[in-house]
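Structure at a glance
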Amino acid sequence: SSHFGSSSDSSQVENFLCHHAMAMYQRFVQSGRLALITFGPYAGKMATIVDIVDQRHVVVDGPESVTGVRRHMMPIKRLSLTDFRAKVRRGAREKTLKKALEKDEIMKKWSESAWAKKLNAKEARASLTDFDRFKLMVAKKKRATAVKKALKKK
């Protein structure tokens, strides 16, 4: 019981190979790539890759006025690459980077993405007070009873 039948289904094999070749990386470490910093003093903040230093390190810049991340070198392992990329040259100045981000509305697109929304929701949950959590519980109970009532009617 192999993946493909014993008959010579070359089109099936081709289709499989094509499909799996397409599943390669789509997000590359390149200048202008928007990334989420996952570790360190700037963890949870967005930064743009400005330059590649070597196999493991890149220079990132917020720009500071936009995301609060100043230009510094950091390991690629501490970054999560996003789908968004600003069109900037390697080693672009902060002013150029800021213009490129505004022109393509990169930060706006990021804030509308599911990933960003999930991060915001997580942050909101973390900042709840005890009373907020209580109100949330009461609201959830209320909703559950309303749903049960609506389902009972049918």
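Residues numbered from 1 in each chain as written. Predicted model: local features only at pLDDT ≥ 70, side-chain atom pairs only at ≥ 80, totals over all residues. Heavy atoms only, no water.

Within the largest apolar cluster, 14 residues are counted, with the highest numbers of intra-cluster contacts made by Leu34, Ile106 and Trp110. With three residues, the top contributor of residues to this core is helix 3 (residues 94–103). Other than its neighbours up to four places away in sequence, Trp110 contacts Leu34, Met46, Thr82, Phe84, Trp115, Ala116 and Leu119. Core analysis: the next-biggest nonpolar cluster, separate from the first, contains 11 residues, Ile49, Val58, Val60 and Val69 among them. (Core = buried A, V, L, I, M, F, W, Y, C linked by side-chain atoms within 4.5 Å. Buried < 20%, exposed > 50% of the residue type's maximum accessible area, 1.4 Å probe, protein only. Helix = DSSP H or I, 4+ residues; strand = E, 2+ residues; numbered from the N terminus. Contact = heavy atoms within 4.5 Å.)

Scanning the model with the defined rule gives three aromatic pairs in all. Centre to centre, the rings of Phe84 and Trp110 are 6.5 Å apart; their planes meet at 85°, and the pair counts as edge-to-face. On the criterion of sequence distance, the pair formed by Phe84 in strand 5 (residues 79–85) and Trp110 in helix 4 (residues 106–112) is long-range, its members being 26 residues apart. A single burial state applies to Phe84 and to Trp110, both of which are buried. A network of ring pairs unites the aromatic residues Phe84, Trp110 and Trp115 as a single cluster. (Phe/Tyr/Trp six-rings, centres within 6.5 Å; stacked < 30°, edge-to-face > 60°.)

Considering the arrangement of structural elements, one finds Ser31 in the loop between helix 1 (10–22) and strand 1 (33–37). With near-sequence residues (within four places) excluded, Ser31 lies in contact with Ile49, Val50, Arg85, Ala86, Val88, Arg89 and Arg90.

Once that is clear, we can look at the sheet that holds strand 5. One open sheet holds the five strands; their spatial order is 4-3-2-1-5, and the pairing between them is antiparallel. Each having just a single partner strand, strand 4 (72–75) and strand 5 make up the two edges of the open sheet. Averaged over all pairs of adjacent strands, the angle between strand axes in this sheet comes to 45°, irrespective of strand direction. Bridging between strand 1 and strand 5 involves four bridges; their strand directions are antiparallel. (Pairing = 2+ DSSP bridges. Axes fitted to C-alpha atoms, helices over the stretch in contact; angles between N-to-C directions.)

With that out of the way, let us pick up the side chain of Thr67. Along the polypeptide, Thr67 turns up in helix 2 (residues 64–67). For Thr67, a relative accessible area of 16% translates into the label buried. Among the polar contacts listed, one links the side chain of Thr67 to the backbone oxygen of Met46, at a separation of 3.0 Å. Each residue touching Thr67, except ones within four places of it in the same chain, is listed here: Lys45, Met46, Gly62 and Met107. (Polar contact = N/O pair within 3.5 Å; in protein donor to acceptor, adjacent residues only side chain to side chain.)

Under the defined criterion, the tally for this structure stands at five salt bridges. Between Arg90 and Asp51 there is a salt bridge whose closest N-O contact spans 2.5 Å. One end of the pair, Arg90, is in the loop between strand 5 and helix 3; the other, Asp51, is in strand 2 (residues 46–52), with 39 residues separating them in the sequence. Residue class for Arg90 comes out exposed when judged on its relative accessible area of 63%. (Salt bridge = Lys/Arg side-chain N within 4 Å of Asp/Glu carboxyl O.)

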